[in-house]
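# Structural overview
Chain residues, written in single-letter form:
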Amino acid sequence: MRAVTWQGKRDVRVENVPDPRIEEPTDAVIRVTSTGLCGSDLHLYEVLTPFMTPGDILGHEPMGIVEEVGPGVPDLAAGDRVVVPFQIACGSCWMCLNSLPTQCETTQVSGEGMGAALFGYTRLYGAVPGGQAEYLRVPQAQYGPIKVPEGPPDDRFVYLSDVLPTAWQAVSYADLSQGGSIAVLGLGPIGDMACRVAQVRGAGRVFGVDLVSDRLRRARAHGVETYDLRVFDSEKELVAAIRDETDGRGPDAVIDAVGTEAHGSLAARLAQQASTMLPRKLSGPLAERFSVDRLAALHTAIELVRRGGTLSLVGVYGGTADPLPMLTMFDKQLQIRMGQANVRRWSDEIFPYLTDEDPLGVDDFATHRLPLDEAPRAYEMFQHKRDGAVKVLMRP
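Model, not experiment: these values are computed from the prediction.

### Re the packing of helix α3 (residues 163-173) against helix α4 (residues 189-200)
Where α3 contacts α4, the axes come no closer than 8 Å and their chain directions differ by 60°. Overall, the two elements α3 and α4 adopt an arrangement that is oblique. The handedness of the crossing between α3 and α4 comes out as right-handed. In contact with Val 163, Leu 164, Thr 166, Ala 167, Trp 168 and Val 171 of α3, α4 contributes Pro 189, Ile 190, Met 193, Ala 194, Val 197 and Ala 198. Residues of the contact of α3 with α4, tallied by class, amount to 11 nonpolar, one polar and no charged.

Pasting the structure below:
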């Protein structure tokens, strides 16, 4: 089959690889019909290269048609149409039963000290072949795949794999009351969708911050009060502008949908880049023990949120030696929640919004739809934010 493989920093290629097969009774194999390119994939493209191996198959946002199931998968059959969550979880361990499938005790990558295995996402998360491919082996298929109806196009459902539950959890973790105010830093796919979710869940005012014109325009078209980071001389000016709209306090909650790709510390950026240039035997341990993030967005979120407010961190961070302003966080009495989205925890709540009325705008959420063979161009375009690329779907 054809699949998108990682070959090095900023080097992905579509290659022929062996077809997947049933290996365990709880496996399924699906024929992929659509697969997303996620902002998290760009971390593999650029930042997390010490944890990658040439030939790794990328991607964690697939949906498709079931081709084959193992004997331990009673509720799926060949021909079923399914979305596959990005994490792999059993559904029956203590963590799964307590709505934390991202911490599944059956698939935890304990040797790396990490949570549940993820599709297509480094050795830290199990080095499981990903979904940017023609076919995908799905472990723990007795729990993970979400069956969806025939009829509507893939765009209606494919975001259940990651974008929708991640945005939904971000808003849930923000603990927003009806009519409350929320700011979203970063209007890429997750931030954009988080704004829409906040609106349908009763936010009074939604502020969106970014520095890419196309993203700001998209959010503004959906009723978000947008702020272009480029027109402010400093973080303090931005914070002051939004505080002026919230009785001088700041929003009740702030979602950081940027993560470590923020336009921030030059020193941290150089440290990240240096680690990717070292030999693999050195770069991995260095990144595990001494890695730092570019924390501009997080520091802005801490400054912006009102006292006693909530920070919801959904942008990916990977540092282990990050300095944080603990005095400010403690003095402002902030609540902070974060983590990978627990997809099956939220999927049943989200499903009623995937109707023909399309209140979340999923049908036209993708800006680009490309053949799988054009994945290298898609990665480059998405990383450089060219051609209005906000969300890219690929079709094998």
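Moving on from the model shown.
### Here we look at the sheet that holds strand β10 (residues 225-228)
In space, the six strands of this open sheet follow the order β10-β9-β8-β11-β12-β13, with parallel pairing throughout. Looking at the sheet topology across the chains shown, the edges are occupied by β10 and β13 (335-338). Averaged over all pairs of adjacent strands, the angle between strand axes in this sheet comes to 20°, irrespective of strand direction. One ladder, built from four bridges, connects strand β11 (residues 253-256) with strand β12 (residues 310-313); its direction is parallel. Counted as the bridge partner of Ala 253 is Thr 310 from β12. The strands touched by helix α9 (residues 296-304) within the sheet are β8 (181-185), β11 and β12, with β8 carrying the most contacts at an inclination of about 165°.

### Some remarks on the nonpolar core
One finds Tyr 159, Leu 164, Met 193 and Ile 255 to be the most contacted residues of the largest nonpolar core, which totals 71 residues. The dominant element in this core, judged by the number of residues it contributes, is α3, at seven residues. When near neighbours in sequence (up to four residues on either side) are disregarded, Met 193 contacts Val 163, Leu 164, Ala 167, Leu 360, Val 362 and Phe 365. One finds Leu 185, Leu 295, Ile 302 and Leu 334 within the second-largest nonpolar core, a separate group that totals 21 residues.

### Concerning the confidence of the model for the protein chain
Averaged over all residues, the pLDDT of the protein chain is 91; the fraction at 70 or higher stands at 90%. When the criterion is pLDDT under 50, residues 262-272 qualifies, and its contacts beyond four places in sequence or with other chains add up to 19 contacts. Counting interchain partners and residues more than four positions distant, the pLDDT-below-50 stretch residues 274-278 has 11 contacts.

The rules we used
Residues numbered from 1 in each chain as written. Predicted model: local features only at pLDDT ≥ 70, side-chain atom pairs only at ≥ 80, totals over all residues. Heavy atoms only, no water. Axes fitted to C-alpha atoms, helices over the stretch in contact; angles between N-to-C directions. Helix = DSSP H or I, 4+ residues; strand = E, 2+ residues; numbered from the N terminus. Parallel < 35°, antiparallel > 145°, perpendicular 65-115°, else oblique. Left-handed = near helix turned anticlockwise from the far one by under 90°. Contact = heavy atoms within 4.5 Å. Nonpolar A, V, L, I, M, F, W, Y, C, P; charged D, E, K, R; others polar. Pairing = 2+ DSSP bridges. Core = buried A, V, L, I, M, F, W, Y, C linked by side-chain atoms within 4.5 Å. Buried < 20%, exposed > 50% of the residue type's maximum accessible area, 1.4 Å probe, protein only. pLDDT = per-residue confidence, 0-100.

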